[in-house]
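Here is how the chains run, residue by residue.
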Amino acid sequence: MSQANTGRQNSSIIRAFVMAQQSIELKKAGAGFKDPGLQAKQRKEKVEARKTGTKKKKEKSFSQNLSKAEAFRNMDDHRIPLDDLIKRLETSKDKGLSQTKATDLNRQLGDNVLSERKGTPWYVKLFHELTGFFSLLLWGGGILCFIAYALNTEDPSNLYLGIVLIAIVLITGIVTFLQNSKSEAIMESFKNMIPPKTKVTRDGELKSIEATKLVPGDIVTVKMGDKIPADIRMLSAKEMKVDNSSLTGES
């Protein structure tokens, strides 16, 4: 009897252990399969958070561009009295900036260079010119003409009309692309207008520095034949003439 009772007790202990282990395994398996509704909710929250972050970035970029445009529109350095401008830039008409202050301004504002935009590949620009709204209408008309000719090959007028429409789209797009490329090449050539060296007055001495190191408040000396290194305001001049043909297109 004692052996039989011992066998039953061992069996019940083993059964309880197996059931507990199965319960643990079921809980682990259940943890890997979440509620579909909960998963959909979490995915929706992630998408909304991503959209909110993108929206905030766009709003921040827009506000920065707007502030820059507003600052440029309100720029009055060329209109205010000269004494007020000298005080604003904390410089001196005779001594110019100190080398230390000029170095700090260059570190804070950056080099005197034209800002560059990320270039777009030429094939993307050409594709854009060939897929404008009016161009898409002509593409659609040309395709319809080819379909009409395929249905009735006895009348070649639809074929001719389709070829003419496609040719108009191609010629117009290519001509516009070439014109825009020429304009962009002219804008790129403006980078070469900045001279490599220029003369400035710093610490009361006339020095020759790299034009990229100019900062607001520098007193620049320009002689005949020199290129203008930056946007400057004339303090004094003798028989000065400026060639604006590269900007106006005049010969």
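Please refer to the structure placed before this passage.
Calculation notes
Residues numbered from 1 in each chain as written. Predicted model: local features only at pLDDT ≥ 70, side-chain atom pairs only at ≥ 80, totals over all residues. Heavy atoms only, no water. Helix = DSSP H or I, 4+ residues; strand = E, 2+ residues; numbered from the N terminus. Buried < 20%, exposed > 50% of the residue type's maximum accessible area, 1.4 Å probe, protein only. Contact = heavy atoms within 4.5 Å. Polar contact = N/O pair within 3.5 Å; in protein donor to acceptor, adjacent residues only side chain to side chain. Patch = residues over 30% accessible without salt bridge, like charges linked within 9 Å, V, L, I, M, F, W, Y side chains within 5 Å. Areas by Shrake-Rupley, 256 points an atom, 1.4 Å probe, with all protein chains shown as cover. Salt bridge = Lys/Arg side-chain N within 4 Å of Asp/Glu carboxyl O. Phe/Tyr/Trp six-rings, centres within 6.5 Å; stacked < 30°, edge-to-face > 60°. Core = buried A, V, L, I, M, F, W, Y, C linked by side-chain atoms within 4.5 Å. Pairing = 2+ DSSP bridges.

Participant: Explain the overall build of the chain to me, please; I cannot follow it from the model alone.
Facilitator: When you go through the chain residue by residue, the secondary structure sums to 8 helices and 3 strands. The 251 residues of the chain split such that 14% are buried. Put simply, 54% of the contacts in the chain that link residues at least 6 apart link residues at least 24 apart.

Participant: What is the right way to look at the side chain of Arg202 in this model?
Facilitator: Checked against the element boundaries, Arg202 lands in strand β1 (residues 197–202). Here the side chain of Arg202 touches Lys213 through a polar contact of 3.2 Å, landing on its backbone oxygen. Beyond its immediate stretch of four places on either side in the chain, Arg202 contacts Lys95, Leu97, Gln99, Ala102, Lys207, Ile209, Lys213, Leu214, Val215 and Asp218.

Participant: How should a nonpolar patch on the surface be read in this particular structure?
Facilitator: Residues Val222, Ile228, Ile232, Met234, Met240 and Val242 make up a contiguous nonpolar surface patch of about 510 Å² in total accessible area. For Met240, the location among the structural elements is in the loop between β3 (219–221) and α8 (245–248).

Participant: Could you clarify how one ought to interpret the packing of aromatic side chains in this entry?
Facilitator: Each aromatic ring pair is specified by the distance between its two centres and by the angle formed by the two planes. By the definition in use, this model includes 1 aromatic pair. Note on Trp122 and Tyr123: the rings are 5.9 Å apart at their centroids and 80° apart in plane angle, and the pair reads as edge-to-face.

Participant: Help me understand the environment of Asp218, please; the structure alone is not making it clear to me.
Facilitator: Mapped onto the elements, Asp218 comes out in the loop between β2 (205–210) and β3. In this structure the C-alpha to C-alpha distance between Asp218 and Thr201, which are 17 residues apart in sequence, comes to 6.9 Å. The contact partners of Asp218, leaving out residues within four places of it in the chain, are Leu97, Val200, Arg202 and Lys213. Of note is the side chain of Asp218, whose polar atom sits 2.8 Å from the side chain of Arg202. Separated by 3.1 Å, the side chain of Asp218 and the backbone nitrogen of Val215 make a polar contact.

Participant: Explain the nonpolar core to me, please; I cannot follow it from the model alone.
Facilitator: Leu130, Leu138, Cys145, Leu165 and Val169 form the largest nonpolar core, which has 5 residues in total. Elements that contribute at least two residues to this core include exactly α6 (133–151) and α7 (157–189). Beyond its immediate chain neighbours, meaning those up to four positions away, Leu165 contacts Leu138, Gly141, Gly142 and Cys145.

Participant: Even after reading the chapter, I still don't get the pairing of β1, so can you show me in this structure?
Facilitator: In regular strands, side chains alternate between the two faces of the sheet. One ladder, built from 6 bridges, connects β1 with β2; its direction is antiparallel. Paired with Lys197 across the bridge in β2 is Glu210. The loop that links β1 with its antiparallel partner β2 comprises 2 residues; one of these, Asp203, has a positive phi angle of about 60°. Relative to β3, β1 runs antiparallel, the two being bridged by 3 bridges. Looking across to β3, one finds that Val200 is bridged to Val220.

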